[in-house]
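# Secondary and tertiary structure notes
Each chain is listed here by its residues.
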Amino acid sequence: HFGPYNQLARAQFALILYRMEGLPKFTTTKSFGDITGNEWYGEAVLWAAEAGIVTGYQNGMFGPADNITREQMAVMMYRYAKYLGEDITTDNDISAFKDAASVSDFALDAIKWANSKGIITGKEYGTIIDPQGNTTRCEAATIIKRFMEN
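These notes cover the structure that comes with them. (Residues numbered from 1 in each chain as written. Predicted model: local features only at pLDDT ≥ 70, side-chain atom pairs only at ≥ 80, totals over all residues. Heavy atoms only, no water.)

### Points about helix H1 (residues 10-20)
Stated formally: The buried label goes to any residue with under 20% of its type's maximum accessible area, the exposed label to any with over 50%, and the partly exposed label to all in between, with areas taken from a 1.4 Å probe on protein chains only. Numbering of helices and strands runs from the N terminus, with a helix taken as a DSSP run of H or I at least four residues long and a strand as a DSSP run of E at least two residues long. When checking whether two residues touch, look at their non-hydrogen atoms; a contact exists if any pair is within 4.5 Å.
Taken together, the buried positions of H1 are occupied by Arg10, Ala11, Phe13, Ala14, Leu15, Leu17 and Tyr18. Buried positions along H1 lie against helix H2 (42-50), helix H3 (70-83) and helix H5 (137-149). Of the residues one or two after H1, glycine 22 is the one with positive phi, at around 85 degrees.

Quick look at the structure:
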C-alpha cells in the first residue's frame, strides 16, 4: 500500500531527494548524533547534509523519524533547487494566506519561493499555507511532481 494520507518522515524525504539525484557517491565529514550512516536512510541524510540540503536541529540531531512539516519540506526543496543551480530569488508576497505570520523565520524565504513557483499552493482552497502541519505522502508526491515540472 502507498498510504497516501500517512505522514512522511524527515529521513524518507531526504531519501526521495537522494534517489532523485541518482544515489550520488560522496564523502562527508557531516554527522548527526542520531545517524550513523548505516541505516536504510543514513547515506541519504548524510548526502543531503553534505550538499547543504539539510542541517538538522540545533541540538545536533537530525530526527529521522520525526514527521516532516510543510515548512521543513519547503526548506529542503529550496536548498535542493539551490544545489541544482536554480535561481531561488523571489519577492513573492504570501500575506494572502491566513496563517502567513506563523511561518518560521528559517523557512520564510523557502515558503515564498515554493509558493512563487507553484510548488506549494496552500490548503483549504488556498487560504492557508499550514507551515507547521505534517506532510502526507500524497502532498509530498504532488510537491515533487510540481518541482520536476517547473
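### Digging into the nonpolar core
Side chains of a nonpolar character, in soluble globular proteins, are inclined to be buried together. Defined as follows: Nonpolar cores are built from buried Ala, Val, Leu, Ile, Met, Phe, Trp, Tyr and Cys residues. Side-chain atoms within 4.5 Å join them into one set.
Ranked by size, the top nonpolar core spans 45 residues in total, and within it Phe13, Leu17, Met77 and Trp113 carry the most contacts. Of all the elements in the fold, those that place two or more residues in this core are H1, H2, H3, helix H4 (108-116) and H5. No other element matches H3, which puts 8 residues into this core.

### Some words on the pattern of salt bridges
The test is simple: A pair is scored as a salt bridge if a Lys or Arg side-chain nitrogen falls within 4 Å of a carboxyl oxygen belonging to Asp or Glu.
Applying the stated rule across the entire model yields 4 salt bridges. With a closest N to O distance of 3.3 Å, glutamate 139 and arginine 70 form a salt bridge. You can see glutamate 139 sitting in helix H5 and its partner arginine 70 sitting in helix H3, a full 69 residues away along the chain. Judged by its relative accessible area of 16%, glutamate 139 is buried. Residue classification places arginine 70 among the buried positions, given a relative accessible area of 4%. Where salt bridges share partners, they join Arg70, Lys123, Asp130 and Glu139 into one cluster.

### Structural notes on the packing of H3 against H5
For clarity, the threshold we go by: Note on method: axes are straight lines fitted to C-alpha atoms, helices fitted across the in-contact stretch only, with angles between N-to-C directions ranging 0 to 180 degrees. In this scheme, roughly parallel covers angles under 35 degrees and roughly antiparallel covers those over 145, while 65 to 115 is roughly perpendicular and the rest are oblique. Take the far helix as the reference: if the near one is turned anticlockwise from it by less than a right angle, the crossing is left-handed, and if turned clockwise, right-handed. Polar here means any residue other than Ala, Val, Leu, Ile, Met, Phe, Trp, Tyr, Cys and Pro, which are nonpolar, and Asp, Glu, Lys and Arg, which are charged; Gly is therefore polar.
At a closest axis distance of 12 Å, the pairing of H3 and H5 adopts a crossing angle of 25 degrees. Regarding the angle of H3 to H5, the classification is roughly parallel. Between H3 and H5 lies a crossing of right-handed hand. Within the contact between the two elements, H3 uses Arg70, Met73, Met77, Tyr80 and Ala81 and H5 uses Glu139, Ala140, Ile143, Ile144 and Phe147. Of the residues belonging to the contact of H3 with H5, the class tally is 8 nonpolar, no polar and 2 charged.

### Some details on the side chain of asparagine 92
The line we're drawing: N or O atoms within 3.5 Å of each other form a polar contact, as long as, within protein, one can give a hydrogen and the other can take it, and as long as residues adjacent in sequence are counted only when both atoms are side-chain atoms.
Along the polypeptide, asparagine 92 turns up in the loop between H3 and H4. Since its relative accessible area comes to 18%, asparagine 92 is described here as buried. Within the structure, the side chain of asparagine 92 is placed 3.1 Å from the backbone oxygen of lysine 112, a separation counted as a polar contact. When residues no more than four places from it in sequence are discounted, the contact partners of asparagine 92 are Lys112, Asn115 and Ser116.

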